[in-house]
Amino acid sequence: MYLFLYLPLVVVVAYSFNQSRLGAEWTGFTLHWYQVLFADAEMMRAAWNSLVIGLVASVSATVFGTLAGLALHKFRLRLLPVLIVTPLAIPDILWGVSLLVFFVLLNLTLGMLSVILAHVAFCISYVAVVIRARLSGMDESLVEAARDLGATAWGSFRFVTLPLMAPGIIAGALLAFTMSIDDFVITFFTAGVGTTTLPLKIYTMIKVTVTPEINAVSTLLMVLTMLLVLAIARLSPQIPSGKP
Amino acid sequence: MRRLLVWPPQAYLIAFFLVPTLIMVASSFAWPGEEGGLSSFWVRDAQGIHFDLTFDNYRDIFTSRLFLVLFARSLGYAGLTTASCLLAAYPLALVIARSAGKYRNLLLLMVIVPFWTNFLIRIYALMIILGPQAALARILNALLDWVGLTPVSLLFSPFAVLVGMVYIYLPFMVLPLYANLEKHDPDLLDAARDLGAGSWQRFWRITFPLSLPGVMAGSALVFIPALGAFAVPDILGGTRGIMIGNVIKMQFLEARDWPFGSALSIMLTLLALVVTGLAAWLARRKVGAGV
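So, how was this worked out
Residues numbered from 1 in each chain as written. Chains lettered and ligands numbered in written order. Predicted model: local features only at pLDDT ≥ 70, side-chain atom pairs only at ≥ 80, totals over all residues. Heavy atoms only, no water. Helix = DSSP H or I, 4+ residues; strand = E, 2+ residues; numbered from the N terminus. Contact = heavy atoms within 4.5 Å. Areas by Shrake-Rupley, 256 points an atom, 1.4 Å probe, with all protein chains shown as cover. Lys, Arg positive; Asp, Glu negative; His and termini not counted. Charge placed at Lys NZ, Arg CZ, Asp CG, Glu CD. Axes fitted to C-alpha atoms, helices over the stretch in contact; angles between N-to-C directions. Parallel < 35°, antiparallel > 145°, perpendicular 65-115°, else oblique. Left-handed = near helix turned anticlockwise from the far one by under 90°. Phe/Tyr/Trp six-rings, centres within 6.5 Å; stacked < 30°, edge-to-face > 60°. Buried < 20%, exposed > 50% of the residue type's maximum accessible area, 1.4 Å probe, protein only. Lys NZ or Arg CZ within 6 Å of the ring centre and 35° of its normal. Patch = residues over 30% accessible without salt bridge, like charges linked within 9 Å, V, L, I, M, F, W, Y side chains within 5 Å. Salt bridge = Lys/Arg side-chain N within 4 Å of Asp/Glu carboxyl O.

Let us now look at the overall build of chain B. A tally of helices and strands in chain B yields twelve helices and two strands. Structurally, chain B occupies a C-alpha span of about 85 × 65 × 40 Å along its principal axes. Within chain B, contacts between residues separated by at least 24 positions form 69% of all contacts whose residues are at least 6 apart in sequence. Counting only carbon and sulfur atoms, one obtains 68% of the accessible surface of chain B, whose full area is about 14,600 Å². A gap of 10 Å separates the mean positions of the 21 positive and 15 negative side-chain charges of chain B.

Once that is clear, we can look at the packing of helix H5 (residues 92-105) of chain A against helix H6 (residues 112-136) of chain A. All names here are of chain A. Across the interface, H5 lies against H6 with an axial gap of 11 Å and an inter-helix angle of 135 degrees. With respect to their mutual orientation, H5 and H6 come out oblique. Regarding H5 and H6, the two cross each other, and that crossing is right-handed. Together, Trp-95, Leu-99 and Phe-103 of H5 and Ser-114, Leu-117, Ala-118, Ala-121 and Phe-122 of H6 make up the contact between the two elements.

Here we come to the packing of aromatic side chains. The final tally for this structure, using the stated rule, is 28 aromatic pairs over all chains. Arranged with centres 5.7 Å apart and planes meeting at 50 degrees, the rings of A:Phe189 and B:Phe230 form a pair that is tilted. Placement of the pair is A:Phe189 in helix H9 (residues 185-190) and B:Phe230 in the loop between helix H9 (199-227) and helix H10 (231-236), with the two residues belonging to separate chains. Across the pair, B:Phe230 and A:Phe189 agree in class, each one buried. With centroids separated by 4.6 Å and ring planes inclined at 35 degrees, the aromatic side chains of B:Tyr12 and B:Phe16 adopt a geometry described as tilted. Highlighted residues: B:Tyr12 and B:Phe16, both in helix H1 (residues 2-27), separated by four residues, approximately one helical turn. Judged by relative accessible area, B:Tyr12 falls into the buried class, the value being 11%. For B:Phe16, a relative accessible area of 13% puts it in the buried group. Here the aromatic residues A:Phe184, A:Phe188, A:Phe189, A:Tyr203, B:Phe119 and B:Phe230 are joined through ring pairs into a cluster of three or more. For A:Arg158, the ring lying beneath its charged end belongs to A:Phe159, and the centroid distance is 4.9 Å. B:Arg2 extends its terminal NZ or CZ atom over the ring of A:Phe75, reaching a point 4.9 Å from the ring centre.

A grouping of A:Asp139, A:Glu140, A:Glu144 and A:Asp148 is seen on the molecular surface, where their side chains present a negatively charged patch. Its place among the elements puts A:Glu140 in helix H7 (residues 140-148).

Take a look at the structure:
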């Protein structure tokens with residue numbers, strides 16, 4: 001079973017160092033495909049777009065998601081829990097097409113802005129779930145103790161709750177960043193013609209022109225996501241399951 | 001204070017999740033626009049403003065053999081993917097849950113790691129493995145040639161779509177199964193053994209019924225995205241592996257018949273909810289009956 005999970009990925013990494021253009025036979029070690037990759041202006045643009053979208057979307061989603069997580073923890077609400085949980089349970093394609101229709105009806109030109117707005121929307125749920133999990137494991141008596149000792153509501157939040165939440169906030173932000181940089185389906189429908197992100201670029205390469213450059217970009221992306229995930233895992237013991 | 005916490009995220013999700021979803025529901029009852037897209041939801045004439053809606057989009061789905069076959073095929077793919085994932089994931093989750101603590105986390109982490117690799121990269125990786133130059137296809141075709149059959153292509157086939165979806169969604173099944181199996185009380189199995197139950201009986205009468213909530217959670221997590229999949233069949237399926245997601249994409253990006261595409265999306269979502277709801281209800285009944 002582990003062979004089934006890993007063999008394809010190992011082959012991609014190995015081929016990214018292979019001299020052969022067609023990729024079938026091993027003809028020797030090379031870093032040529034990485035040079036090609038970094039000289040590819042379109043690819044660098046896509047990477048830059050992914051980075052900008054990922055940063056803006058994860059920071060905004062973290063702000064909204066943290067508020068939502070706190071609200072879910074503190075109050076008994078009706079609408080917000082539904083709005084947080086349903087997005088996790090509906091098919092991605094519904095998100096994609098409904099946002100496409102929405103943006104077009106609003107006369108918003110599809111591009112970076114529409115992609116960022118969409119990414120913030122689907123990342124909020126993930127952040128909120130992480131924050132809420134962190135808060136539910138927190139000892140409420142610490143806040144009460146602070147209040148008894150004369151701290152104001154803001155003071156106890158600022159010096160007790162917030163520091164305890166911090167690892168959850170960072171984990172949520174990293175999770176949102178990973179989700180954003182990884183997303184294909186929703187981006188595919190909301191990006192319009194001009195804007196490319198790394199997953200969109202990889203999709204085009206798979207569909208149109210398969211060159212060994214794709215092995216190199218895949219390997220780099222794998223390393224990047226794994227580093228991010230290790231960071232999340234260190235900060236938060238419960239990683240909620242994500243999207244495919 | 002309460003408003004300050006609740007309203008920003010709530011307003012954002014209403015604007016960018018609830019409203020678009022409701023527009024999609026509305027547009028599934030609309031007429032297509034003259035040049036693609038939507039025509040107006042209402043018309044204004046001498047009698048004032050009234051809605052101009054239709055059930056045609058839904059009627060077209062239910063009266064066309066093509067689309068019913070497509071839905072049936074997507075259900076089939078999603079069902080087969082779920083069943084294959086279950087068969088593959090159950091033994092794996094059981095082994096992980098029953099292994100010693102120090103290996104357990106490592107084994108679990110090793111299931112999660114590939115899952116954090118972009119799924120397009122994983123599909124591409126499978127394309128190499130299933131490709132005509134790879135060992136698998138060569139061996140298979142050599143065998144087929146030997147028994148006198150024509151060689152086949154593993155790639156761009158329904159088989160490739162199925163393998164691709166199992167590969168992509170397997171961790172979704174392993175994780176909830178593991179989370180459930182890990183909580184089982186080993187004393188129950190010991191007690192059953194002492195009372196003379198064989199290993200087969202212990203599994204079917206204790207472990208499996210207790211794990212049904214995990215089975216259901218995993219199945220829902222695999223079934224819902226598998227039913228709506230469009231990238232996997234788009235890349236691995238060729239022309240014979242088309243699923244409902246591919247048709248939805250075509251309606252929006254190529255045919256530009258948005259109302260029909262909306263109706264298909266709504267049907268897809270309803271189907272996913274109905275099937276998983278039904279399965280959850282069945283599982284609860286079975287657990288309740290004490291099987």
